Protein chains: 2
Amino acid sequence: MVTYAAPINDMMFLFEKLKDNPHYCELEKYKEVNSDLAKDILEQAAKITENLILPLAKVGDEIPATFENGAVRTPPGYKEAYKKFIEDGWVSLSCDPEYGGQGIPKTISAFFDEMLSSSSLSFKLYSELSIGAYNCILHHGTESIKKKFLPKIVKGIWSGTMCLTEPACGTDLGLLKTKAVEQPDGTFELSGQKIFITSGDHDLTENIIHLVLARTPDAPSGTKGISLFLVPKIQVKEDGSLGPRNGVSTNSIESKMGIKGSATCVLNFDGAIGYMIGPKNKGLGSMFTMMNLERIVVGIQGLGISEIAYQNALNYSKERKQGKTNNSKTKNLTKLLKKINFLKSQNEANLIIDHADIRRSILNMKSIIEGERALSFWLAQQTEVSLHHSDKKIKQEASDFVSLMTPVVKSLFTDMGMEITSDAMQIFGGYGYTKDQGIEQLYRDNRITPIYEGTNSIQSIDLVFRKLINKDRNVIGRYIKSIEEEIKKNKNHPQIKPLAEKLNYYLKTMINFTIWIEKNMKVSKDDVSAACNDYLKVLGLIALSYSWLKVLAVSYKEMNTNKKFFEDKIETANFFFKRVLPRIDAHYNSAISGTKYIMDFKFN
Amino acid sequence: MVTYAAPINDMMFLFEKLKDNPHYCELEKYKEVNSDLAKDILEQAAKITENLILPLAKVGDEIPATFENGAVRTPPGYKEAYKKFIEDGWVSLSCDPEYGGQGIPKTISAFFDEMLSSSSLSFKLYSELSIGAYNCILHHGTESIKKKFLPKIVKGIWSGTMCLTEPACGTDLGLLKTKAVEQPDGTFELSGQKIFITSGDHDLTENIIHLVLARTPDAPSGTKGISLFLVPKIQVKEDGSLGPRNGVSTNSIESKMGIKGSATCVLNFDGAIGYMIGPKNKGLGSMFTMMNLERIVVGIQGLGISEIAYQNALNYSKERKQGKTNNSKTKNLTKLLKKINFLKSQNEANLIIDHADIRRSILNMKSIIEGERALSFWLAQQTEVSLHHSDKKIKQEASDFVSLMTPVVKSLFTDMGMEITSDAMQIFGGYGYTKDQGIEQLYRDNRITPIYEGTNSIQSIDLVFRKLINKDRNVIGRYIKSIEEEIKKNKNHPQIKPLAEKLNYYLKTMINFTIWIEKNMKVSKDDVSAACNDYLKVLGLIALSYSWLKVLAVSYKEMNTNKKFFEDKIETANFFFKRVLPRIDAHYNSAISGTKYIMDFKFN
């Protein structure tokens with residue numbers, strides 16, 4: 001069985017020392033959210049995720065969600081845990097107090113998202129889309145819709161879904177066919193089939209609020225004819241009480257490689273009553289409010305699963321003895337122990353943590369994970385500024401950074417999640433491949449994250465074709481400038497200087513790559529399309545290094561307050577700059593090789 | 001359901017045009033194995049793998065091998081298929097005619113290994129270790145043991161296993177504890193527990209012949225006190241007929257992430273009667289005869305699973321329509337079709353194969369797979385020379401190359417198998433994560449290959465610490481020289497020249513890396529240990545490019561005989577040199593960064 005201890009120390013370090021966005025600190029809304037409150041929340045969060053939720057992961061894998069007689073049943077224990085979960089107010093953590101929420105900023109709630117993902121992604125998914133639905137309704141719903149639906153979603157007694165995908169339409173939403181026909185009373189009747197609906201049906205909440213993309217009969221084709229509808233599983237009367245079943249039924253649930261505790265549903269809409277949310281034919285834009293925040297959370301899922309895989313690989317490497325190492329320190333210790341007859345046999349094996357290659361593998365995980373957590377903390381600040389700052393320009397600039405980093409965080413963290421869970425399995429050897437240890441489940445559970453909410457390739461296309469330059473605002477240029485400033489700040493620091501120079505070297509590569517993209521955007525879009533994945537990785541690695549550079553500056557400055565902690569940070573940063581950052585070379589050198597030979601290829 | 005068509009064309013191309021090892025062509029033994037015979041065998045092999053064995057993959061995943069009342073039962077259909085499999089002589093394909101084999105060289109039988117791996121790895125494993133046991137007994141058994149056991153193993157009515165691992169001893173065999181006590185009649189009684197025994201028990205054969213590593217009571221500790229024993233599941237009388245059950249029993253079978261049709265057993269030896277194979281205390285050496293060949297076959301498993309994943313991803317990309325592409329060709333075609341009113345809607349999506357990024361991903365798979373197949377064909381020739389050439393020096397040189405490439409093929413092909421099955425899943429999007437499509441099973445099944453027969457990290461340590469320089473024979477130097485000669489041959493060829501130069505550039509990097517390793521071997525073994533994985537990847541990428549360079553030379557020369565085929569090869573080679581080979585940059589730049597910060601790190 002895997003174990004888990006929430007990394008509160010690292011989270012509190014970020015919360016206390018890396019709140020470096022002055023505009024975030026200006027937000028009136030969060031003036032009272034101090035370290036004590038943060039610590040209190042994180043400790044409570046650690047308790048519930050470590051004790052109540054962690055055991056649900058294995059249960060859900062062994063006894064998946066089932067579909068019988070038209071209804072979905074969650075795995076044993078989910079119902080009881082969910083009850084406690086909402087009673088303690090965890091769904092409402094980041095929601096607006098106006099609707100019963102606790103108004104906690106994402107700088108804290110994102111840590112909770114990470115902990116939940118570490119302990120059980122399947123369980124998390126039952127409330128995750130509720131927050132998505134909440135955000136979508138909050139921003140685009142009418143007052144009466146908000147009043148009617150939000151308080152119950154915030155309480156967690158109703159949950160939410162996102163209904164986008166159809167059998168012939170995944171990435172390309174322009175192809176969607178679900179119909180919505182307006183009724184005399186202003187409501188709509190929806191008909192069609194939606195697939196891959198996470199938490200599309202289950203037995204944890206009284207009602208499920210579906211947010212559904214569909215077309216009105218007169219809508220133009222393609223993405224410009226899509227509207228958004230709120231469709232409850234059970235109709236809601238004017239007074240908010242439950243009425244009869246709506247015309248939504250579950251057709252089946254998917255049998256999947258992982259996240260088996262989570263019900264992934266095929267939903268049939270047969271004249272289901274729905275309410276239009278936001279303006280007609282602009283549904284995709286409204287849905288993106290939900291989707292963009294959700295994409296960041298998917299990135300955090302990858303981070304959370306990486307963290308628990310890392311913890312278990314590290315623990316195992318400190319228990320398992322195998323082979324003798326070349327490690328000079330261990331060798332000297334062995335000699336000494338033999339001299340004093342402590343070691344029985346000449347053949348006593350070393351702990352695998354003493355082997356250089358295992359250390360390298362574990363530090364690789366650690367340096368990626370902590371870099372990601374720092375980047376995600378930076379992004380949480382930007383998100384709050386983009387939502388709540390009073391200055392429009394500052395708000396827009398933050399929003400641009402959030403847009404830029406959303407596909408990066410989604411793709412990079414989830415791909416790295418595969419690398420880390422895979423490396424963790426390798427450390428367990430044969431045991432890693434068996435069900436007993438639980439490591440292989442992390443690998444399978446995480447494997448959905450590079451796929452859902454838009455595959456990682458789609459994210460990279462989104463990044464390159466839509467985010468670098470956004471309505472003539474040179475977002476990437478501004479981001480590069482902020483990194484250059486951070487490098488400049490550190491260039492005279494004796495210890496940081498060599499790492500800052502390394503980042504500077506690779507930043508130049510990224511700048512060249514960006515120029516290459518801008519140039520080819522005019523002359524060969526194919527070349528750009530085939531380079532998107534590599535560009536995303538390069539930008540992601542730069543973003544992680546940028547985060548590490550800021551962590552380094554703090555670490556040297558604060559060294560005396562907690563020597564062990566900051567030395568650990570400095571060495572881990574060292575690893576990142578020396579062993580992870582150089583991956584940029586391979587991405588850049590292969591991406592700029594053109595595509596004529598790719599586009600001309602005749603596949604049999 | 002996945003589909004499969006054996007890539008006979010590519011195999012026959014290699015067999016006919018790339019038998020470039022003159023010493024292989026000198027082997028008397030195989031003088032009569034011509035193209036007609038090869039084609040005939042491959043066509044029969046295609047038939048049985050495509051029709052009989054492919055369906056067993058899904059069955060075995062859905063209804064895994066079971067363990068009940070002390071006996072293992074294989075999945076439904078395995079028994080009938082195995083019967084046909086051995087009746088048609090497939091186990092005996094590469095075995096010596098003296099024991100009933102067909103004497104077919106590995107240049108053909110390795111292709112069959114690939115096909116079997118593509119169609120069902122679980123099913124393959126039931127006969128794979130039989131060949132391992134056959135080789136081990138053939139090389140180290142006495143005449144009477146050979147006579148008694150080999151004919152039945154070759155026929156397939158008895159099968160074989162390798163029993164190495166124990167609960168506390170995986171990578172480090174020096175720790176093994178199983179005891180073997182000599183009896184007055186010269187036999188031994190074995191006691192102990194072995195775990196992770198592939199095909200350790202099943203219902204396909206009359207008897208199972210275990211090859212077991214154990215210690216005699218007087219044996220020195222560590223790896224120098226290990227002997228090898230043959231222990232049948234059912235005792236065999238002098239006349240070869242079956243006697244009573246031996247003291248070997250199955251304790252349990254593993255519940256695993258994949259290859260669920262294959263029974264992975266915990267075996268208890270309780271005074272089981274065994275026969276020593278080879279000299280006392282030299283058991284590890286004898287077992288390595290089995291293990292080295294087996295490691296190459298595991299590499300081929302990775303290749304086989306990659307091939308079927310690639311085929312299915314390619315097929316799906318030619319059926320699924322999603323999104324509009326930037327692809328200039330498709331755009332022009334769309335315009336034309338619209339003009340003549342062929343396309344109904346402006347929003348008609350393109351096939352995903354027309355998207356540059358999907359094309360890139362599929363060509364990435366293809367360029368790796370075909371490079372691997374060519375490398376593995378080269379290795380099959382070397383193996384045959386190492387086993388059968390009459391000139392001792394030539395034999396030794398071939399054997400050194402086989403030793404050098406064994407860890408590379410094992411690790412590189414299996415890691416690439418993960419990349420390729422993962423990329424194939426991405427192409428299927430959400431469907432790839434569901435059980436229906438079968439793609440996710442390939443990903444799970446292949447995930448054992450980087451673990452078993454020595455994890456890929458162990459392979460890389462084996463490569464760097466044992467294989468580069470072998471008893472003062474500069475194996476790597478000779479390998480580098482052979483590549484340099486091939487580059488030289490092509491340096492005036494107008495089309496090949498730029499690619500040969502690219503290879504030359506990266507070969508220089510590998511030479512520098514090798515020099516770095518030789519230097520640090522003396523001053524910092526830790527640095528070398530932490531660089532082994534990267535070195536293996538660099539050597540592997542160079543080896544694949546070397547294979548592609550030879551394919552290129554043939555392709556330009558033979559162009560007129562089969563234009564489409566050779567143009568395809570040339571473009572695929574192009575892709576490899578431009579987009580895959582540059583990965584070397586990242587491996588080299590991160591590997592040579594030292595390890596002080598890794599070895600000094602204090603893990604909490």
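Note that the structure is predicted; figures quoted are calculated from it, not measured. (Residues numbered from 1 in each chain as written. Chains lettered and ligands numbered in written order. Predicted model: local features only at pLDDT ≥ 70, side-chain atom pairs only at ≥ 80, totals over all residues.)

Draft legend 1. Main features of the overall build of chain A. Counting its regular elements, chain A contains 20 helices and 13 strands. Here chain A has a C-alpha radius of gyration of 25 Å; the compact-globule value for 604 residues is 25 Å, and the two agree. Dimensions along the principal axes, computed over C-alpha positions, put chain A at roughly 90 × 65 × 55 Å. The buried share of chain A, taken over its 604 residues, is 57%. Intrachain contacts of chain A at a sequence separation of at least 6 include 78% that bridge at least 24 residues. (Helix = DSSP H or I, 4+ residues; strand = E, 2+ residues; numbered from the N terminus. Rg over C-alpha atoms; globule rule 2.2 N^0.38 Å. Buried ≥ 20, exposed ≤ 12 C-beta atoms within 10 Å, placed from the backbone. Contact = placed C-beta atoms within 7 Å.)

Draft legend 2. Looking closely at the pairing of strand β6 (residues 207-214) of chain A. All names here are of chain A. Of all the eight residues making up β6, seven are buried; the element is thus mostly covered by neighbouring parts of the structure. As paired strands, strand β3 (residues 158-163) and β6 are joined by six bridges and run parallel to one another. Opposite glycine 160, over in β6, you have isoleucine 209 as the bridge partner. As defined by bridge partners, β6 adjoins strand β7 (residues 227-232) across six bridges and the pair is classed as antiparallel. Counted as the bridge partner of isoleucine 209 is proline 232 from β7. (Pairing = 2+ DSSP bridges.)

Draft legend 3. Layout of the environment of glutamate 254 of chain A. Examined against the element boundaries, glutamate 254 of chain A turns out to sit in the loop between β10 (248-253) and β11 (264-277). Taking the number of C-beta atoms within 10 Å as the measure of exposure, glutamate 254 of chain A has 25 and is therefore buried. Between the C-alpha atom of glutamate 254 of chain A and that of phenylalanine 575 of chain A, which follows or precedes it by 321 residues, the distance is 41 Å. Beyond its immediate stretch of four places on either side in the chain, glutamate 254 of chain A contacts Thr264 of chain A together with Thr434 of chain B.

Draft legend 4. Molecular detail of the relation of the copies chain A and chain B. Superposing chain A onto chain B takes a rotation of 180° plus a shift of 0.0 Å along the axis, which leaves an RMSD of 0.0 Å. Both copies of the chain, as the preceding transformation shows, are related through a two-fold rotation axis. Most of the interface of chain A is mirrored in chain B, where 100% of its interface residues again form contacts. (Least-squares fit on C-alpha atoms with pLDDT ≥ 70 in both.)

Draft legend 5. Local environment of the interface of chain A and chain B. Between chain A and chain B, the contact holds 71 residues from the first and 71 residues from the second. For the side of chain A that touches chain B, the elements supplying multiple residues, two or more each, are α9 (328-339), α10 (356-388), α12 (430-433), α13 (439-446), α17 (525-558), α18 (563-580), α19 (583-591) and α20 (596-599) of chain A. Looking at the side of chain A that touches chain B residue by residue, the classes come out as 23 nonpolar, 30 polar and 18 charged. (Nonpolar A, V, L, I, M, F, W, Y, C, P; charged D, E, K, R; others polar.)

Draft legend 6. Expanded view of the environment of asparagine 292 of chain A. Relative to the helices and strands, asparagine 292 of chain A resides in helix α8 (residues 283-317). Residues asparagine 292 of chain A and glycine 132 of chain A lie 160 residues apart in sequence; the distance between their C-alpha atoms is 9.3 Å.

Draft legend 7. Spatial organisation of the pairing of strand β7 (residues 227-232) of chain B. Residue and element names in this part refer to chain B. Counting buried residues in β7 gives six out of six residues, a clear majority hidden from the surface. Here β7 shows no split at all, with Ser227, Phe229 and Val231 on one side and Leu228, Leu230 and Pro232 on the other all buried. In terms of strand pairing, β7 meets strand β11 (residues 264-277) through three bridges, oriented antiparallel. Opposite leucine 230, over in β11, you have tyrosine 275 as the bridge partner.

Draft legend 8. Seen up close, helix α10 (residues 356-388) of chain B. Here α10 of chain B spans 48 Å end to end across 33 residues, near enough to the 48 Å set by a 1.5 Å rise per residue. Counted residue by residue, α10 of chain B has 31 buried out of 33 residues, so it is predominantly covered. (Expected span 1.5 Å × (residues − 1).)

Draft legend 9. Just α8 of chain A, in detail. Residue and element names in this part refer to chain A. If you check α8, its first and last C-alpha atoms are 50 Å apart, about what 35 residues at 1.5 Å a residue would give, namely 51 Å. The largest bend along α8 measures about 30° and falls at threonine 289. With 28 of its 35 residues buried, α8 lies for the most part within the structure. (Bend = angle between axes of the 7 residues up to and from the residue.)

Draft legend 10. Representation of the packing of helix α16 (residues 497-523) of chain A against α17 of chain A within the structure. Residue and element names in this part refer to chain A. Relative orientation of the contacting elements α16 and α17 amounts to 155°, with a least axis distance of 10 Å. Judged by the angle between their axes, α16 and α17 are roughly antiparallel. The way α16 lies across α17 gives a crossing that is left-handed. Packed against α16, whose contacting residues are Leu499, Ala500, Leu503, Tyr506, Leu507, Met510, Phe513, Ile517, Asn520 and Met521, the element α17 presents Lys525, Asp527, Val528, Ala531, Tyr535, Val538, Leu539, Ile542, Ser545, Leu549 and Leu552 at the interface. Partitioned by chemical class, the residues of the contact of α16 with α17 number 17 nonpolar, two polar and two charged. (Axes fitted to C-alpha atoms, helices over the stretch in contact; angles between N-to-C directions. Parallel < 35°, antiparallel > 145°, perpendicular 65-115°, else oblique. Left-handed = near helix turned anticlockwise from the far one by under 90°.)

Draft legend 11. Molecular detail of the environment of alanine 46 of chain A. Secondary-structure assignment places alanine 46 of chain A in helix α3 (residues 35-62). For alanine 46 of chain A, the contacting residues outside a window of four places in its chain are Ala6, Ile8 and Met115 of chain A.

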